[in-house]
Amino acid sequence: MLNRKIQLDKSWLEHLNIEFEKPYMQQLSQFLLAEKAAGKTIYPASESIFNALNTTPLDQVKIVVIGQDPYHGPNQAHGLSFSVPKGTKTPPSLKNIYKEINADLDIPIPNHGNLQSWAEQGVLLLNSVLTVEHSHAASHQKRGWEQFTDAVITLINRECQNVVFLLWGSYAQKKGQVIDRHKNLVLNAPHPSPLSAHRGFLGCKHFSQANTYLQQQNSHIIDWSIPE
């Protein structure tokens, strides 16, 4: 399923093609096929599973934001961590991200939660797990996705440099342990969830720090504003 029906940007595929041949990925593919055959609704839609990689080619990655699982409600997940399509209510964690950007860079808070414009500028919005069952949070954890996205992070670490990794929460920070701090910038903060944002995410100034670093590396900065 995954290596036949899903189109993956060639910049990623030439390095990750080997992953699709490994037993863990074949088992994951069979699991997803069985779930669909059982009539279960899986998010995001098949064509959006690899949206993060397809929108942000490997050679254009400037910033990596690591999330955990896709949203598990209707019309929410579209393959970008923390992001939802226009017309869907902005989730609480993303509201806090917007609050921090507003405080950090004086950028107005948007009226929707679609972060596609960030992805198109080189912000890889990567979830650790790329699918989920409707109404069942974390239902596809430990099925193989974590190994695949570990391979993605390892690839970025090997092939790229001067990348900013925004690691929010202990889960993302653990997943980012492989990152070479000598050739990339790693910024840690608590998760932007309402449960933890007040412990240091709000006030972290990661967005201005990221742009300052990119500027120092003679790279284009990110426009963190969201087009209406």
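That block above? That's the structure.
Not measured: the values here are computed from a predicted model. (Residues numbered from 1 in each chain as written. Predicted model: local features only at pLDDT ≥ 70, side-chain atom pairs only at ≥ 80, totals over all residues. Heavy atoms only, no water.)

Visitor: Lay out the packing of aromatic side chains in plain terms, naming residues and giving numbers.
Guide: Evaluation of the coordinates by the stated rule reveals 10 aromatic pairs. Taking 6.1 Å as the distance between ring centres and 70 degrees as the angle between the ring planes, the aromatic pair formed by Phe20 and Phe50 counts as edge-to-face. Linking Phe20 in the loop between helix 2 (10–16) and helix 3 (23–37) with Phe50 in the loop between strand 1 (42–43) and helix 4 (51–55), this pair joins segments that are 30 residues apart in sequence. The exposure classification of Phe20 matches that of Phe50, with both residues buried. Their ring planes at 80 degrees and their centres at 4.9 Å tell us that Phe207 and Trp224 sit as a pair that is edge-to-face. (Phe/Tyr/Trp six-rings, centres within 6.5 Å; stacked < 30°, edge-to-face > 60°. Helix = DSSP H or I, 4+ residues; strand = E, 2+ residues; numbered from the N terminus. Buried < 20%, exposed > 50% of the residue type's maximum accessible area, 1.4 Å probe, protein only.)

Visitor: Explain the sheet that holds strand 6 (residues 185–189) to me, and be specific about the residues and the numbers.
Guide: If you walk across this open sheet you meet the 4 strands as 3-2-5-6, and the pairing is parallel. For this open sheet the edge positions go to strand 3 (123–127) and strand 6, each flanked by a neighbour on one side alone. This sheet shows a mean twist of 20 degrees between the axes of neighbouring strands, independent of strand direction. Where strand 2 (residues 63–67) meets strand 5 (residues 164–168), 3 bridges bridge the pair, whose relative direction is parallel. Within strand 5, the residue paired with Val64 across the bridge is Phe165. Where helix 9 (residues 206–216) meets the sheet, it contacts strand 2, strand 5 and strand 6, and its direction lies at approximately 175 degrees from that of strand 6. (Pairing = 2+ DSSP bridges. Axes fitted to C-alpha atoms, helices over the stretch in contact; angles between N-to-C directions. Contact = heavy atoms within 4.5 Å.)

Visitor: Please set out the packing of helix 5 (residues 92–105) against helix 9 residue by residue, giving values where relevant.
Guide: Working note: a packed helix pair is described by the angle between its axes plus the distance between those axes. At a closest axis distance of 8 Å, the pairing of helix 5 and helix 9 adopts a crossing angle of 60 degrees. By the angle between their axes, helix 5 is oblique relative to helix 9. On helix 9, the residues touching Ile97, Glu100, Ile101, Asp104 and Leu105 of helix 5 are His206, Phe207 and Ser208. Taken together, the residues of the contact of helix 5 with helix 9 sort by class into 4 nonpolar, 2 polar and 2 charged. (Parallel < 35°, antiparallel > 145°, perpendicular 65-115°, else oblique. Nonpolar A, V, L, I, M, F, W, Y, C, P; charged D, E, K, R; others polar.)

Visitor: Hey, could you go over the pairing of strand 5 for me, with residue numbers and the actual values?
Guide: Along any regular strand, the residues point their side chains to alternate faces of the sheet. Here strand 5 lies mainly inside the structure; 5 of its 5 residues are buried. Covered by surrounding structure in strand 5 are Val164, Leu166 and Trp168 together with Phe165 and Leu167, the residues of both alternating faces. Taken together, the 5 bridges between strand 5 and strand 6 define a ladder with parallel strand orientation. Considered in strand 6, the bridge of Leu167 is made with Asn188. Chirality of the crossover, the property in question, places the unit of strand 5, helix 8 (residues 170–175) and strand 6 among those that are right-handed. (Right-handed = clockwise from strand over helix to strand, strands pointing away.)

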